[in-house]
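Residue-level structure breakdown
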Amino acid sequence: MAVKLVTIKEDILKDNKEMSALLKARFNKSKTLVVNLMSSPGAGKTSTILNTIEALGPAVKTAVIEGDITSTVDADKMDAKGIPVVQINTGGACHIDSAMVAEAVADFDTEGIDLVVVENVGNLVCPAEFEVGEDVRVMILSVPEGHDKPQKYPLMFIETQACILNKIDLLPHTDFDMEAFRKTVMSLNPKTTIFPVSMKTGEGLDAWAAWLKDKVDKKKNG
Ligand SMILES: Nc1nc2c(ncn2[C@@H]2O[C@H](COP(=O)(O)OP(=O)(O)OP(=O)(O)O)[C@@H](O)[C@H]2O)c(=O)[nH]1
Ligand SMILES: [Mg+2]
Ligand SMILES: [Zn+2]
């Protein structure tokens with residue numbers, strides 16, 4: 001029984017990888033940088049997307065793909081700001097996969113779009129295992145979740161190129177140990193970059209936006 005389950009999972013991941021490669025080819029053609037943004041529920045993905053788009057300014061044409069189990073709550077927030085957005089409702093699945101993104105962008109012309117941000121389903125576990133055609137994988141941890149999360153959910157920290165630490169405005173109200181956090185994250189993934197930010201006050205936003213802008217420019221010119 002156990003062996004069969006492993007086989008099924010491998011097949012699913014293999015199919016997903018193949019579909020992801022097709023998506024990548026499509027996004028490469030339009031030189032669109034795709035970011036897979038992952039975190040637990042409420043860590044600040046939507047707030048980060050809205051603030052980042054504002055920080056990047058109108059010169060960076062950005063579209064958003066929202067992944068949620070149900071509802072259009074986050075997509076409505078994008079739409080209200082005039083940001084092109086497509087909503088995926090997974091109908092219960094706790095992550096999005098390449099097939100869902102392929103369907104979402106089927107009628108979506110990415111020509112002229114510099115950046116697509118995919119907001120994954122709020123979940124610190126399995127989204128890390130499923131590619132969605134992205135160039136860059138970014139995760140958010142928020143201060144109230146605690147500095148021990150890299151130890152407990154290592155895959156997400158290992159599989160991402162940047163770790164945004166959001167809600168640093170709440171540091172004085174928690175026992176979050178920044179040094180312990182940094183040490184664990186860097187030991188899991190020495191190549192990652194940690195961005196301490198507050199999407200409430202705007203602190204740290206510029207450094208994160210500059211990192212992303214560099215990636216957008218490289219994709220466009222490279
Ligand atoms: N204090 C504080 N609150 C924040 C910060 N960033 C976001 N929030 C709040 O945290 C809550 C969740 O933020 P969202 O941006 O909706 O989080 P999310 O990850 O998109 O949530 P889901 O899509 O439901 O998984 C909201 O009430 C935000 O206003 C921050 O830096 N500091
Ligand atoms: Mg959200
Ligand atoms: Zn899942």
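Quick caveat, the model's predicted, so the values are computed rather than measured. (Residues numbered from 1 in each chain as written. Chains lettered and ligands numbered in written order. Predicted model: local features only at pLDDT ≥ 70, side-chain atom pairs only at ≥ 80, totals over all residues.)

Observations regarding the overall build of the protein chain
- Within the protein chain, the regular secondary structure consists of eight helices and seven strands.
- Taking 222 residues into account, the globule formula puts the C-alpha radius of gyration at 17 Å, and the protein chain, at 17 Å, falls close to it.
- By principal-axis analysis of the C-alpha atoms, the protein chain measures approximately 55 × 45 × 35 Å.
- Counting over 222 residues, the protein chain shows a buried share of 39%.
- Taking the contacts inside the protein chain whose residues are at least 6 apart along the sequence as the reference set, 75% of them involve residues at least 24 apart. (Helix = DSSP H or I, 4+ residues; strand = E, 2+ residues; numbered from the N terminus. Rg over C-alpha atoms; globule rule 2.2 N^0.38 Å. Buried ≥ 20, exposed ≤ 12 C-beta atoms within 10 Å, placed from the backbone. Contact = placed C-beta atoms within 7 Å.)

Quick word on the site of ligand 1
- Neighbouring residues of ligand 1: 17 residues in total, closest Lys 45, Thr 46, Ser 47, Gly 122 and Lys 200.
- In terms of residue count, helix 2 (residues 45–56) provides more of the shell around ligand 1 than any other element does, three residues in total.
- Here the residues of the shell around ligand 1 are counted per class, giving four nonpolar, eight polar and five charged. (Near = placed C-beta within 6 Å. Nonpolar A, V, L, I, M, F, W, Y, C, P; charged D, E, K, R; others polar.)

Notes on the pairing of strand 4 (residues 115–119)
- The element strand 4 is largely enclosed, with a buried count of five among its five residues.
- Alternating residues of strand 4 divide into Leu 115, Val 117 and Glu 119 and Val 116 and Val 118, and every residue in both groups is buried.
- Across five bridges, the pairing between strand 1 (residues 33–39) and strand 4 is parallel. Bridge assignment links Leu 37 to a residue of strand 4, and that residue is Glu 119.
- As defined by bridge partners, strand 2 (residues 62–68) adjoins strand 4 across five bridges and the pair is classed as parallel. Counted as the bridge partner of Val 64 is Val 117 from strand 4. (Pairing = 2+ DSSP bridges.)

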